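# Results of the structural survey
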Amino acid sequence: MAEEGRRGGEDAAEKGPGHAYMQFVLMEEMLDKLKLLNYEQEFLKGLGFKPLSRHYFALQTNPGEQFYMFTRLSSWLINLAGKQFDTPQEYDDPNATISNILDEVRRIGATVDFPPGKLKPGFGEHCIYVVDKLADEALRQTKFKWGRPKYPEEETDEETNIDDDVELKLDKVEDDIAAADDDLDEEDSFMDLEGLRNLQSKKDTIEGSRPEEIMESTVDASEWKLEVERVTPSLKVHIRTDNKDWRTHVDQMHTHRDGINTALSETKGHLSKLHQDISRTLEKIASREKYINNQLEHLLHEFRGMQDSLAETKEQYRQASGGVTDRTRNLAEITEDLEKIKQDMEERGSSMTDGSPLVKIKQALQRLKNEVTQMDVRLGVVEQSLLQAKLKDKSIMQKDMNKPLASTFEA
């Protein structure tokens with residue numbers, strides 16, 4: 001385990017510090033793919049689950065529910081890709097279900113370089129990887145294609161457009177055009193000889209068409225002013241504001257900057273006032289703390305002394321309790337020995353007052369007497385047999401002794 005942890009730390013160090021958060025990014029991309037497949041209506045509506053959060057498979061919340069959601073979502077994506085896959089149930093073998101899902105992932109050409117046990121918790125980068133590959137295959141099989149973006153048409157009111165239009169006079173437009181020409185002249189770093197010739201020819205034509213005398217107007221001044229007032233509204237250029245125009249963005253940036261500066265100045269005042277109030281409060285708290293410490297100094301000394309005495313008392317109690325424990329153990333042993341002695345005395349006393357042993361002794365003596373009588377009878381029988389044998393032997397010996405004498409007499 002230590003070797004695996006060290007190896008995992010080395011891999012994480014090689015991949016960089018952002019690798020630990022990569023699964024959150026992959027989870028969000030995978031959720032976007034599921035939304036493209038309309039999983040909320042076609043998948044979640046039948047199960048009764050809420051839509052998945054952005055970090056559903058990236059963080060551990062409920063392993064059992066997450067594993068069930070992972071298996072059901074994988075089976076739905078496999079079936080959506082046009083392949084037959086049985087919907088896993090809650091009490092199915094998780095190892096068999098994971099093995100079947102990984103087989104389908106390998107069939108679509110995705111690499112599986114991790115053990116199946118990594119999918120059992122129901123969350124983590126491996127679960128996100130499997131669901132992401134299956135979602136890609138489902139999008140490929142359903143022939144999903146991106147359409148052209150449709151921008152919403154902005155409905156504008158004529159009255160508001162007239163109020164919001166920027167009115168620019170012709171002289172301002174001419175200034176902008178002149179400024180643009182100057183910018184173009186500055187950007188062009190080459191000399192246009194043909195343009196110089198045309199410009200010189202134009203100057204010559206203008207000089208040739210100059211009048212020799214000063215022209216005088218024959219129009220009345222009042223009529224001229226009336227004509228100017230009548231034509232002036234027609235000479236104004238109405239330019240509609242465009243939200244995508246860079247000038248609008250610049251104006252908005254300036255407006256926001258002014259608002260930020262105004263809010264910052266006000267906020268600085270409030271924050272400085274709040275800082276001063278907090279500083280004064282902290283100073284008051286510090287002074288009160290010092291005052292309370294000075295007032296309670298003797299009580300603190302007494303408290304420390306009482307704590308020391310309490311510690312000493314506890315130590316004495318511990319030592320005394322240790323002696324009491326030893327004495328209690330000795331008392332228990334002595335009590336046990338006393339109980340044994342009492343039991344022996346009771347047994348002996350009961351045996352002394354009981355007459356059954358005497359009866360047993362008498363019976364034993366009677367048996368001994370009977371056995372002695374029987375032994376005496378047997379001894380008598382044996383003696384009698386022995387006496388008869390001796391007498392018989394004696395008679396035989398006498399006969400043997402008398403035989404030689406008779407033979408001598410006969411001779």
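That block above? That's the structure.
Residues numbered from 1 in each chain as written. Predicted model: local features only at pLDDT ≥ 70, side-chain atom pairs only at ≥ 80, totals over all residues. Heavy atoms only, no water.

## Remarks on the overall build of the protein
The helix and strand tally for the protein stands at 13 helices and two strands. As displayed, the protein has an accessible area near 34500 Å², and 55% of this comes from carbon and sulfur atoms. (Helix = DSSP H or I, 4+ residues; strand = E, 2+ residues; numbered from the N terminus. Areas by Shrake-Rupley, 256 points an atom, 1.4 Å probe, with all protein chains shown as cover.)

## Thoughts on helix H2 (residues 22–36)
With 15 residues, H2 ought to run about 21 Å at 1.5 Å a step, and its terminal C-alpha atoms sit 22 Å apart, in line with that. When we look at burial in H2, the residues that qualify are Gln23, Phe24, Met27, Met30, Leu31, Lys33 and Leu34. Of the surrounding secondary structure, the elements contacted by the buried residues of H2 are helix H3 (39–47), helix H4 (63–80) and helix H6 (125–141). In the segment just after H2, Asn38 is the residue with positive phi, at about 60°. (Expected span 1.5 Å × (residues − 1). Buried < 20%, exposed > 50% of the residue type's maximum accessible area, 1.4 Å probe, protein only. Contact = heavy atoms within 4.5 Å.)

## Here's the deal with the nonpolar core
Judged by nonpolar contacts, the single largest core of 37 residues is most densely connected at Leu52, Phe57, Leu73, Leu77 and Val130. Of all the secondary-structure elements, those providing two or more residues to this core are H2, H3, H4, helix H5 (94–107) and H6. Examining the composition of this core, we find that eight residues originate from one element, H6, more than from any other. If we ignore the near neighbours within four places in the chain, the residues touching Phe57 are Met27, Met30, Leu52, Gln66, Met69, Phe70, Leu73, Gly122, Phe123, Gly124 and Ile128. (Core = buried A, V, L, I, M, F, W, Y, C linked by side-chain atoms within 4.5 Å.)

## Quick look at the packing of H2 against H6
Two numbers describe how H2 lies on H6: the axes approach to 9 Å, and their chain directions differ by 30°. Taken together, H2 and H6 sit at an angle that is classed as roughly parallel. In the packing of H2 onto H6, the handedness of the crossing is left-handed. Residues Gln23, Leu26, Met27, Met30, Lys33 and Leu36 of H2 lie in contact with H6, whose contacting residues are Glu125, Ile128, Val131, Asp132, Ala135, Asp136 and Leu139. Residues belonging to the contact of H2 with H6 are distributed by class as follows: eight nonpolar, one polar and four charged. (Axes fitted to C-alpha atoms, helices over the stretch in contact; angles between N-to-C directions. Parallel < 35°, antiparallel > 145°, perpendicular 65-115°, else oblique. Left-handed = near helix turned anticlockwise from the far one by under 90°. Nonpolar A, V, L, I, M, F, W, Y, C, P; charged D, E, K, R; others polar.)

## Overview of the side chain of Asp132
Structurally, Asp132 can be placed in helix H6. Excluding anything up to four places from it in sequence, Asp132 contacts Met30 and Lys33.

## Points about the packing of aromatic side chains
Summed over all chains, the structure comprises three aromatic pairs. A ring pair is formed by Phe43 and Trp76, whose centres lie 5.4 Å apart and whose planes are at 35°; its orientation type is tilted. Of this pair, Phe43 sits in helix H3 while Trp76 sits in helix H4, and the two are 33 residues apart along the sequence. What makes Phe43 buried here is its relative accessible area of 6%. Residue Trp76 is classed as buried on the basis of its relative accessible area, which comes to 14%. (Phe/Tyr/Trp six-rings, centres within 6.5 Å; stacked < 30°, edge-to-face > 60°.)

## Side note on the packing of H3 against H4
In contact at an axis separation of 12 Å, H3 and H4 are set at 130° when each is read in the N-to-C sense. One element, H3, and the other, H4, form an angle in the oblique class. Handedness of the crossing formed by H3 with H4: right-handed. Contacts between H3 and H4 involve Tyr39, Glu42, Phe43, Leu44 and Leu47 on the former and, on the latter, Met69, Arg72, Leu73 and Trp76. Residue classes in the contact of H3 with H4 are distributed as seven nonpolar, no polar and two charged.

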